[in-house]
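Notes for the structure review
So the chains spell out like this:
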Amino acid sequence: PDPAGLALTIFLHNLLAIILAGLFAGVTLGLTGYLLTALPGALVGYAAALSSWGLALSGILPNGLLEIPVAAIAGGLAIHIGATVIHMDPDGGWIRRLIAAEAELVKALLWLAPLLAVAAVLEAYLTPR
């Protein structure tokens, strides 16, 4: 397959996962943020346990450099969104806090999205097929 097209597909998939985790974080009370953080680590650990060191390092290293840390940061922000939903404040302002938490994720995407693009290129060109 074409590595450039694969990189674009990987980038869009990862970006969509982060956006959906952020959108559903308020409804799931941050569970989507936990899943965004925990699932990649579990899959990488499982794959590493079943393969050789060379294959594990060549397959994990491109993801481990950027994609997994970006997922962890975005997952933490989604957990924060979920925490704003259950936070009780005597003055109210639930919607304001939720919108502010969602805005923090959007602001973070301004620098997370380019990192996801670099990670997608690394994965498309360096990961063995």
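Residues numbered from 1 in each chain as written. Predicted model: local features only at pLDDT ≥ 70, side-chain atom pairs only at ≥ 80, totals over all residues. Heavy atoms only, no water.

With that out of the way, let us pick up the side chain of T84. Locating T84 in the fold gives a position in helix α3 (residues 53-86). For T84, a relative accessible area of 9% corresponds to the buried category. Within polar-contact distance, the side chain of T84 engages the backbone oxygen of I81 at 2.5 Å. Excluding residues that lie within four positions of it along the chain, T84 makes contacts with W94, R97, L98 and A101. (Helix = DSSP H or I, 4+ residues; strand = E, 2+ residues; numbered from the N terminus. Buried < 20%, exposed > 50% of the residue type's maximum accessible area, 1.4 Å probe, protein only. Polar contact = N/O pair within 3.5 Å; in protein donor to acceptor, adjacent residues only side chain to side chain. Contact = heavy atoms within 4.5 Å.)

With that settled, the discussion passes to the environment of A101. For A101, the position within the fold is in helix α4 (residues 94-126). On the basis of relative accessible area, A101 is assigned to the buried category, the value being 1%. Here the alpha-carbon distance between A101 and G82, two residues 19 residues apart in the chain, equals 8.9 Å. Apart from residues lying up to four places away in sequence, A101 is in contact with H80, I81 and T84.

Once that is clear, we can look at unusual backbone geometry. Notably, L29 is not glycine yet its phi reads approximately 60 degrees, a positive angle. Take L29: it is sitting in the loop between α1 (3-28) and α2 (31-49). Judged by its relative accessible area of 47%, L29 falls in the partly exposed class.

In this model, the chain carries a mean pLDDT of 88, and residues with pLDDT of at least 70 account for 98%. Put simply, α2 is where the chain has its lowest mean pLDDT, 85, and α1 is where it has its highest, 95. (pLDDT = per-residue confidence, 0-100.)

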